[in-house]
Amino acid sequence: EAETDGGGWESLQEQLGRRSKEMKERHETALTEGQDRGHQPVLLQTAMSVMFQDEFESPTDPGLYDGTYVDCTFGRGGMSQGLLKRISSKGRVIAFDLDVAAEAWGRRLEQEDPRFKFIRGPFSALGKLLEGVPIHGVLLDAGVSSPQYDNLLRGFSTQDLVNGPDRPLDMRFDNSSGQTVAQWVEGTTVAELAWVLSNSQEADVSSCSLLLERVAESVMIDQERFGPYTSMRHFCDAVMRVKGYTDGIEKEDWHPKLGKVHPARLVTGSLRSFINHETEQLRLGADSALKVLVPRGRFVICSFRPSEARVLKQWQCEFEDPSPEIQRKLSRQRLGELYPLTRTDLNYSVRLIGKVMKASAWEIDLNPRSRSGKNWVFEKAPRLSPKVSEEPRAAELRFKEPSPPPLREVESLSFDLESFLAEGAPGSLIRGFEETIRDSLRQVQPPIFNLKSFLAAGAPESLSDSAEEAEAKPKPIRKASAKASAAVVPPLEEEVDPKPKRGRKVAAKDVVAAPEEPPEAKPMPKRARAAAAATTASDEAAVEPKPKPTKSTAKRKVEVAEDETPKPRKMTTKTASEAEDEAPKTKTSTTKKNIEAAEAKPKPKKTTTKMASEALDEEEKPKPKKT
């Protein structure tokens, strides 16, 4: 439809989003209305989305549907209200219920909407009362409704029985007629009660037939001793004593989904199912609905218990039509055994639409009781398989218990059992285990030390100084250490040996870059600067051949005293071009031969220091007096 409108995929997404939002709003509105009436319908929107067929849509009212629809369990009218909102003015809704309180709500809805009618009675009478009426859809919500469960006077719930008020042992859907559970137990026997508990399929999966028989015996002994049961608490006490609660104190179990539940919950559920004929009513209601439905009519059932699911699955298999491929593979007799529908004269069959649907997460948040609900969607379809006249074989021939394959047998032991039990563990294994432990302890044993001396020693003085004090402390200039030689900048004329020797004389032209002075350090005296330059030159002279002395006073030999430790001064380096620019400004007393010898030497490297030019300037100035 979106492609024909020209909208494409985006238009289709918008339509789906809009419809999903509308469906959610309708469901929330129905939940609100159900809460006002004391009931929250389960899986309402899911049932409404699969109930109506496009071929039943009204030609005069688009979006609405014609036909007659049946609500088998009216309750408080949640499902019926949902049907009335989706049918046209020609559509009709008929509801069934046994509860006297539900009848009052049904009569009220009859006055509000003329399209609705209420029938007080079991839904198994659907086929008898509506025979010949074309039904387009049937809804059935199996089990107990929420208003019945929440009303403690009806005796359906064991919730909060320990700390809450007591309640009567009734559990009838139609509380105006029939026997209560207490009345039926009063007139029954141990054998009958044990049969009900073991065949109702509502007992605990961990319960065996013997345990259920013990429960029946305990219930009847208490009845003979204390008289007929008048309350739910008295009955549950007899059940709990068999299940291990022998101290007489009531206790609640913890269910992962339900929370606190009573240990006798499943036993009381078995009696409720027996008193109200729930299994028989569900099967008869399904047969009646399939009988009155029109072709392609839908039958939607909401189940909550495993016993209800087993009944529906068995009913589906009995009315299911085999596919043509299966008909070709099987013989006619075998076809009649596997598909009972082929042995009847019915012209219709049943088909399960899709998979069993569960409640969504947001619906469970709104109504927690919908967590265990499942929607079964069946459709009435025409029968395609031929009739089979061959009689099926007996059950003894169709089901035969096989003998299991033999297991490996051990005739005798290969060792002496008495000596094995008497000897115990060998001593070698014990000794080997102890040695293994000792070895592992030796490997992880910590070094031995004196704890008192370790704690009294304190931290070394070198670690006590902070990082800031270490940086601020001035570093002395040594003669020719390895650290100082690493910071030597090569001179202009000759390369410097990477490992200079100490105690040798150096020329003033070779300069060592002193470390950076602290921010508050005083300027270095002129004699100290000249001594630093001479120290670097002496290291170079130890490696390179000593040049011949000249008459120039610029290359006088300077001897640095070992005990002299002048303060450092921050030295800055300059490039070779800057050094050449400053060279004409210096006053030198070199002779013509010294200039020619300097030009004949190879060109110096680009990097130089400012100390070289300063040392030449200081040579022409008068020397300061020694202090």
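Data block above holds the structure.
Residues numbered from 1 in each chain as written. Predicted model: local features only at pLDDT ≥ 70, side-chain atom pairs only at ≥ 80, totals over all residues. Heavy atoms only, no water.

What's the story with the overall build of the chain in this structure? I'm lost.
Counting its regular elements, the chain contains 28 helices and 12 strands. Long-range pairs, those at least 24 residues apart, make up 71% of the contacts in the chain with a sequence separation of at least 6. Roughly 39,200 Å² of accessible area belongs to the chain as shown, and the carbon and sulfur atoms make up 54% of that amount. (Helix = DSSP H or I, 4+ residues; strand = E, 2+ residues; numbered from the N terminus. Contact = heavy atoms within 4.5 Å. Areas by Shrake-Rupley, 256 points an atom, 1.4 Å probe, with all protein chains shown as cover.)

Explain the packing of helix α11 (residues 232–242) against helix α12 (residues 265–275) here, please?
Any two packed helices are characterised by the angle at which their axes cross and by the distance between the axes. Where α11 contacts α12, the two axes come as close as 10 Å, and the packing angle between them is 120 degrees. One element, α11, and the other, α12, form an angle in the oblique class. For the crossing formed where α11 meets α12, the hand is right-handed. Where α11 abuts α12, its residues M232, F235, C236 and V239 lie against V267, T268 and L271. Of the residues that constitute the contact of α11 with α12, the class distribution is 6 nonpolar, 1 polar and no charged. (Axes fitted to C-alpha atoms, helices over the stretch in contact; angles between N-to-C directions. Parallel < 35°, antiparallel > 145°, perpendicular 65-115°, else oblique. Left-handed = near helix turned anticlockwise from the far one by under 90°. Nonpolar A, V, L, I, M, F, W, Y, C, P; charged D, E, K, R; others polar.)

What should I look at first to understand the pattern of salt bridges in this one?
For the coordinates displayed, the defined rule picks out 23 salt bridges. As a salt-bridge pair, E112 and R108 come within 3.5 Å of each other at their nearest N and O atoms. Here E112 and its partner R108 are both found in helix α5 (residues 100–112), 4 residues apart, which amounts to about one turn of the helix. By relative accessible area, which is 48% here, E112 ends up partly exposed. Classification of R108 by relative accessible area gives partly exposed; the value is 47%. Between R241 and D222 there is a salt bridge, with its nearest N and O atoms 2.0 Å apart. Of the two residues, R241 is situated in helix α11 and D222 in helix α10 (residues 209–226); the sequence distance between them amounts to 19 residues. (Salt bridge = Lys/Arg side-chain N within 4 Å of Asp/Glu carboxyl O. Buried < 20%, exposed > 50% of the residue type's maximum accessible area, 1.4 Å probe, protein only.)

Is there a simple way to explain the packing of aromatic side chains in this structure?
Any two aromatic rings considered together are summarised by their centre-to-centre distance and by the angle between their planes. According to the stated counting rule, one finds 12 aromatic pairs in the structure shown. Judged by centre distance (5.5 Å) and plane angle (35 degrees), the ring pair of F74 and F116 falls under tilted. Of the two residues, F74 sits in the loop between β1 (68–71) and α4 (78–84) while F116 sits in strand β3 (residues 116–120), which places them 42 residues apart along the sequence. F74 sits in the buried class, given a relative accessible area of 2%. (Phe/Tyr/Trp six-rings, centres within 6.5 Å; stacked < 30°, edge-to-face > 60°.)

Where do I start with the environment of W105 in this structure?
By the secondary structure assignment, W105 is in helix α5. Spatially, the C-alpha atoms of W105 and G77 are 7.3 Å apart, while their sequence positions differ by 28 residues.

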